[in-house]
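# Coordinate analysis (summary)
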Amino acid sequence: MLLNGKVAIVTGGAQGIGRACAERFAAEGVKVVIADVADSIGNAVAKNLSDDGQAVRYVHANVSERLDVHNLIAAAVEAYGRVDIMVTCAGIIESVPFLEIDEDTFDRTLRINLKGTFLCAQAAAKQMVRQLDSGDGALGSPGSIVTISSINAWFELPDSAAYAASKGGVSQLTKSIAIALADHGIRVNAVGPGTIETAMSSDLATKSGGLDTVLSRTPLGRLGQPEEIAAVAVWLASEQASYLTGQTIYADGGRMPLNLAMPPKI
Ligand SMILES: NC(=O)c1ccc[n+]([C@@H]2O[C@H](COP(=O)([O-])OP(=O)(O)OC[C@H]3O[C@@H](n4cnc5c(N)ncnc54)[C@H](O)[C@@H]3O)[C@@H](O)[C@H]2O)c1
């Protein structure tokens, strides 16, 4: 994948899609900084990978706090000398019927999912531009940012207004950042997962009919695995995607292309 020796930060890397991204980057020879608020899990993931001989470390960072994000970039530079790749996986969902969403829930969701993506992307981009300006951007490419959107950027549910708004924002933000950074050669793309088997989607199985409904609308007939999203994120970050910027790639088992005039597969 031509990523060997690069330095990646993965937010939300303690578990789920972020953890799969951290593991996959490490397997590609990338030095990885895992950033999360789940410190004991994040430290354990970093330790496991380090024990396997990979260059991985954990840094506590709440992505919605500007100072934490600033310190995260500084920690990556101190540990590995540079930042080539930023993957923004940190995210939350709180399912609440629209009429009952309170301001705190709405603000928290937007703060972590959307503002967190903005803070991390901007801080990483500033570091990438500094590297380019100092003639140190030449490790194969000027840098790449991968955000995590969702099919909920397009598909709505009545109890996910804050989440859907945040993910629509992430896809739109991704386009804006891509255009802003194009002159520097820094590429910015999003992955838009369908339903992926992680802690975030675990309540599907307990909701009556939830899993069957999702599967009936998923042409590939199964949930996705975190590793399948990591594969897309790693590919987008690599030079194999050298002419892609500003896109959201939907890795969703065919959910977005499905014409809903088709009867559900039950
Ligand atoms: N699982 C799905 O079906 C699905 C579908 C579409 C999009 N996504 C998106 O993928 C991303 C990862 O989701 P996941 O399924 O792996 O969820 P997850 O709950 O398994 O992992 C999310 C991680 O983000 C961390 N996190 C939460 N708030 C944080 C903060 N303020 N600062 C730093 N880290 C924080 C958590 O501690 C956790 O490690 C999210 O942005 C989510 O919206 C997930």
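Description of the structure in this document. Note that the structure is a prediction, hence the values are computed from the model and not measured. (Residues numbered from 1 in each chain as written. Predicted model: local features only at pLDDT ≥ 70, side-chain atom pairs only at ≥ 80, totals over all residues.)

### A word on the nonpolar core
Selection rule: For our purposes the nonpolar core covers buried Ala, Val, Leu, Ile, Met, Phe, Trp, Tyr and Cys residues that link as a set through C-beta atoms within 7 Å. Exposure classes come from backbone-placed C-beta atoms, where a residue is buried if 20 or more other C-beta atoms lie within 10 Å of its own, exposed if 12 or fewer do, and partly exposed in between. Note on conventions: DSSP H or I runs of at least 4 residues are helices, E runs of at least 2 residues are strands, and numbering of each starts at the N terminus. Working definition of a contact: two residues with C-beta atoms, positioned from the backbone, lying within 7 Å.
Within the largest apolar cluster, 66 residues are counted, with the highest numbers of intra-cluster contacts made by Ile-9, Val-10, Cys-21, Val-32, Ile-34, Ala-124 and Ala-233. Top element by residues in this core is helix H4 (residues 103-133). It accounts for 9 residues. When sequence neighbours within four positions are dropped, the list of residues in contact with Ala-124 reads Ile-9, Ile-73, Val-83, Met-86 and Ile-145.

### Some remarks on the site of the ligand
Keep this limit in mind: Near, for a residue, is defined by distance from a backbone-placed C-beta atom to a molecule or strand, with 6 Å as the limit that must not be exceeded.
Around the ligand, 29 residues are found, and the nearest of them are Gly-12, Gly-16, Ala-90, Gly-91 and Thr-198. Elements supplying a minimum of two residues to the shell around the ligand: helix H1 (16-27) and H4. By residue number, the principal contributor to the shell around the ligand is H1, which donates 3 residues.

### Looking at the pairing of strand E3 (residues 56-60)
So the rule is basically this: Each pair of strands is called paired provided DSSP finds at least two bridges between the two strands. When the strands point away from the viewer and the connection leading from the first strand across the helix to the second strand turns clockwise, the crossover is called right-handed.
Taken together, the 5 bridges between strand E2 (residues 31-36) and E3 define a ladder with parallel strand orientation. What sits directly across from Asp-36, in E3, is His-60. As a crossover connection, the stretch from E2 through helix H2 (residues 39-51) into E3 is right-handed.

### Considering the environment of His-184
Here His-184 is to be found in the loop between helix H5 (161-181) and strand E6 (187-193). Using a count of 15 C-beta atoms within 10 Å as the deciding quantity, one classes His-184 as partly exposed. With 56 residues separating them along the chain, His-184 and Met-128 place their C-alpha atoms 9.0 Å apart.

### Overview of the sheet that holds E2
Pairing between the strands of a sheet comes from backbone hydrogen bonds, and it takes one of two forms, parallel or antiparallel. Applicable threshold: Every axis in this analysis is a line fitted to C-alpha atoms, fitted for helices over the stretch in contact. Angles between the N-to-C directions lie between 0 and 180 degrees.
Strand order across the open sheet formed by 7 strands is E3-E2-E1-E4-E5-E6-E7, with parallel pairing between neighbours. Looking along the sheet, the strands with just one partner apiece sit at the ends: E3 and strand E7 (248-251). Put simply, the sheet's adjacent strands are angled 20 degrees from each other on average, direction ignored. Packing of H1 onto the sheet brings it into contact with strand E1 (7-11), E2, E3, strand E4 (85-88), strand E5 (144-148) and E6, and relative to E1 it is tilted by some 165 degrees. Together, E4, E5, E6 and E7 form the strand contacts of helix H8 (residues 226-237), whose direction differs from that of E6 by roughly 165 degrees.

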